[in-house]
Amino acid sequence: MNQNNCFYCIKDERLSNLMIPVCTFSTSTLYLFKDQRYPGRCVLACDKHYNEIFELSYKERETMMQDLSKVSKALKLLFHADKINLAVYEDLVSHFHVHIVPKTRDGFEWGKPFSDEKEKHFLEDAEYQDRINKIKMALQDIDI
Ligand SMILES: [Zn+2]
C-alpha cells in the first residue's frame with residue numbers, strides 16, 4: 001500500500017468505517033476505534049505516509065512518541081486500565097500507526113495479545129461522541 005491508495009492518507013470510508021477522529025497533534029492524528037470491545041481503544045496515526053518507524057525524522061518520531069505517551073496516560077486514567085497495550089502491525093496497512101488498547105486484569109485477553117477476530121462491540125453515535133469528549137478533556141489534564 002502506498003500513499004495513493006492508503007486510507008490514512010486518503011481518509012475515505014475505509015477509515016471512517018473503522019475509526020472516528022478525536023484530535024490532531026503536530027505530527028499525528030488520534031482516532032477512536034469504532035470497535036470498543038476494549039473501552040477507549042484508539043489509534044494514533046502519523047500524518048505523513050511512512051512505511052516504517054525509522055523513516056520518520058528524529059523530531060517527528062520524538063514528537064509522536066511524546067503524544068503517544070500522553071494519550072496512553074490519559075486513556076489509562078480515564079478507562080481505569082491495568083495496562084495499556086501498544087501494537088504496530090502494518091502488514092496490510094503500512095502507514096505508520098499505533099494501536100493503543102487499554103486492558104484490564106478481568107477484561108478480554110488479559111495476558112495475551114489483543115485480537116480483532118472476536119465479536120466486536122459498537123456504540124451509538126452519541127456514545128462515541130461522549131467518549132471522544134472525555135478523551136479530549138482527559139488529554140488537557142495530562143502532563144508528562
Ligand atoms: Zn498513508
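The structure this text deals with has already been given above.
The model shown is predicted, which means the values in this text are computed figures rather than measured ones. What you see as residue numbers is a count from 1 along each chain, following the sequence as written. Per-residue local features of the predicted model are confined to residues with pLDDT of at least 70, and side-chain atom pairs are confined, for both listing and counting, to 80 or more; whole-chain, interface and lining totals are unaffected and use all residues. No hydrogens and no water enter the side-chain calculation; it runs on all heavy atoms of the structure.

Undergrad: Is there a simple way to think about the sheet that holds strand β5 (residues 97-103) in this case?
TA: Two modes of strand pairing occur in sheets, parallel and antiparallel, and in both the strands are linked by backbone hydrogen bonds. Two strands qualify as a pair provided DSSP detects at least 2 bridges between them. Under the scheme used here, helices are H or I runs from DSSP no shorter than 4 residues and strands are E runs no shorter than 2 residues, and both carry numbers assigned from the N terminus. In space, the five strands of this open sheet follow the order β1-β2-β3-β5-β4, with antiparallel pairing throughout. Of all the strands in the sheet, just β1 (19-24) and β4 (83-87) have a single pairing partner and so form its edges. Put simply, the sheet's adjacent strands are angled 25° from each other on average, direction ignored. Looking at chain direction, β4 and β5 are connected through five bridges and run antiparallel. Directly across from asparagine 85, in β5, lies its bridge partner valine 101. Axis geometry follows a simple rule: fit a line to the C-alpha atoms, using only the stretch in contact for helices, then measure angles between N-to-C directions, giving values from 0 to 180 degrees.

Undergrad: Just to check I follow, could you spell out the packing of aromatic side chains for this structure?
TA: Given two aromatic rings, their pairing is described by the distance between the two centres and the angle made by the two planes. Two aromatic rings from Phe, Tyr or Trp, using only the six-membered ring of Trp, form a pair when their centres are within 6.5 Å; if the ring planes differ by under 30 degrees the pair is stacked, by over 60 it is edge-to-face, and anything between is tilted. Taken as a whole and assessed by the stated rule, the structure comprises five aromatic pairs. Both rings, one in phenylalanine 7 and one in tyrosine 8, keep their centres 4.9 Å apart while their planes meet at 35°; by these two values the pair is tilted. Residues phenylalanine 7 and tyrosine 8 agree in their burial class; the two are buried. Site record: aromatic cluster; members linked through ring pairs are Tyr38, Tyr89, Phe108 and Phe114. Only Lys NZ and Arg CZ are tested; either one counts as a charge over a ring when it is within 6 Å of the ring centre and within 35 degrees of the ring normal. Across the ring face of phenylalanine 108, the terminal group of arginine 37 is positioned such that the distance to the ring centre comes to 5.2 Å. Buried, partly exposed and exposed residues are distinguished by accessible area as a fraction of the type maximum, computed with a 1.4 Å probe on protein chains only: under 20%, between the cut-offs, and over 50%, respectively.

Purely geometric stuff here, so don't read any function into it on its own.
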